[in-house]
Amino acid sequence: MDNDEHEHVIEVTDLKRVYGGGFEAVRGISFSVARGEIYALLGTNGAGKTSTVELLEGLAAPAAGRVRVLGHDPYRERRAVRPRTGVMLQEGGFPAELTVAETARMWAGCTSGARPEAEALELVGLSRRAGVRVKQLSGGERRRLDLALALLGDPEVLFLDEPTTGLDAEGRRDTWELVRRLRDAGTTVLLTTHYLEEAEGLADRLAILHDGRIAVSGTPAEVTAGRPSRMSFALPDGYFLGDLPPLAELGVCGHETEGRVVRLRTTQLQRTATGVLTWAERSGVELGGLDVRSASLEEAFLGIAREREMAA
């Protein structure tokens, strides 16, 4: 493969950010993002996601550590970095009386090598709303406009801070597809999101932040690999958990019961499901509300949050 395919266009080393009063929002994190990769930063409110992204965008200098975007310090060498990046903030501030087209035209005038405004609006599905004033847009449409403006410069690196907040299901899916197309064309994307499904479906790699530190990172599959899968069902009257085969033999690593409902946690999902269903078939038992699901990013996310809270 070409060496450019492995080039790290974002490099973060021992990064720290401290606010007034000594509050450490980012506490020494390190990660890198390769060219043409989608990288997601996840975490609860206050975990340090936006504080980190703002340092990558060059909006502030780190208290300690090192940041490089496209080989440059984004704060001290802003002129070398800014024309090659696109930024979609959590909330854009647009003049309410301007139309969508006028807003895009104004923004294009401040953007080096801007693509045609109509093309940017077409990318995000706002062409038909070009003549509408910004104040008349829905919240989701304003997010689409935010994204269109971030794409005006055809950026090499695109920062997306909560890009699909306020979008309906169709708008969210359309945005995901657009981000994938941008990635496939070589754009490097770093995004923050509260939607775990979004991160799981979009990100090539991700990091989960907690209290300003990276709790775990890797591909979505790597992050979820160590988490248990789940199987739940309701036993009919007259049957109890003890009637099942020994849980250890089924590969179960934990369980809860609530009335007739049994919830099993397992790292050997096929073995557990096969054992339970074989027992039910032989016993003539119908399992109500049967639900079997593999480990998910949501499980990993919630598990990390619980573990950190218990350790605090």
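To start, this report covers the structure provided alongside it.

About the criteria used
By convention here, each chain's residues receive numbers from 1 onward along its written sequence. The predicted origin of the model limits local features to residues at a pLDDT of at least 70 and limits the giving and counting of side-chain atom pairs to 80 or more, whereas totals for whole chains, interfaces and linings rest on all residues. Water and hydrogen atoms play no part in the side-chain values, which are based on all heavy atoms of the structure. Residues belong to a common nonpolar core when they are buried Ala, Val, Leu, Ile, Met, Phe, Trp, Tyr or Cys residues joined through side-chain atoms within 4.5 Å. Buried, partly exposed and exposed residues are distinguished by accessible area as a fraction of the type maximum, computed with a 1.4 Å probe on protein chains only: under 20%, between the cut-offs, and over 50%, respectively. Going along the chain from the N terminus, every DSSP run of H or I of four or more residues is numbered as a helix, and every run of E of two or more is numbered as a strand. Contact between two residues is taken to exist if any of their heavy atoms lie within 4.5 Å; hydrogens are not considered. Only strands that DSSP links by at least two bridges are regarded as paired with each other. Two rings from Phe, Tyr or Trp (for Trp, the six-membered ring) form a pair when their centres are within 6.5 Å of each other. A pair whose planes differ by under 30 degrees is stacked, one over 60 is edge-to-face, and the rest are tilted.

## Brief notes about the nonpolar core
Link 1 in the chain: If you look at the biggest cluster of nonpolar residues, it comprises 43 residues, and the most contacted ones within it are Leu42, Leu121, Leu145, Leu160, Leu206 and Ile208.
Link 2 in the chain: Per-element accounting of this core gives the leading share, five residues, to helix α5 (residues 139-150).
Link 3 in the chain: When residues no more than four places from it in sequence are discounted, the contact partners of Leu145 are Phe94, Val100, Thr103, Leu121, Leu126, Val134 and Leu137.
Link 4 in the chain: Within the second largest apolar cluster, 25 residues are counted, among which are Ile10, Phe31, Ala60 and Ala207.

## Concerning the environment of Gly238
Link 1 in the chain: Within the element layout of this structure, Gly238 appears in the loop between β10 (229-234) and β11 (252-258).
Link 2 in the chain: The sequence separation of Gly238 and Thr44 amounts to 194 residues, and the corresponding C-alpha distance is 43 Å.
Link 3 in the chain: If we ignore the near neighbours within four places in the chain, the residues touching Gly238 are Asp243 and Arg260.

## Considering the pairing of strand β2 (residues 24-34)
Link 1 in the chain: Here strand β1 (residues 8-18) runs beside β2; their pairing, made up of eight bridges, is antiparallel. Of the residues in β2, the one forming a bridge with Glu11 is Ser32.
Link 2 in the chain: Where β1 folds back on β2, the antiparallel hairpin that results is connected by five residues, among which Gly21 adopts a positive phi of roughly 90°.

## Examining the packing of aromatic side chains
Link 1 in the chain: Per the stated rule, a full pass over the model turns up three aromatic pairs.
Link 2 in the chain: Seen in terms of ring centroids, Phe31 and Tyr39 are 5.1 Å apart; in terms of plane orientation they differ by 10°. Their pairing is stacked.
Link 3 in the chain: Here Tyr39 falls in the buried class, since its relative accessible area comes to 1%.
Link 4 in the chain: Centroid distance Tyr239 to Trp279: 6.2 Å. Interplanar angle 80°. Geometry classified as edge-to-face. One end of the pair, Tyr239, is in the loop between β10 and β11; the other, Trp279, is in helix α9 (residues 269-283), and 40 residues separate them in sequence.
Link 5 in the chain: Looking at Tyr239, the relative accessible area reads 28%, which means it is partly exposed.
Link 6 in the chain: Here Trp279 falls in the buried class, since its relative accessible area comes to 11%.

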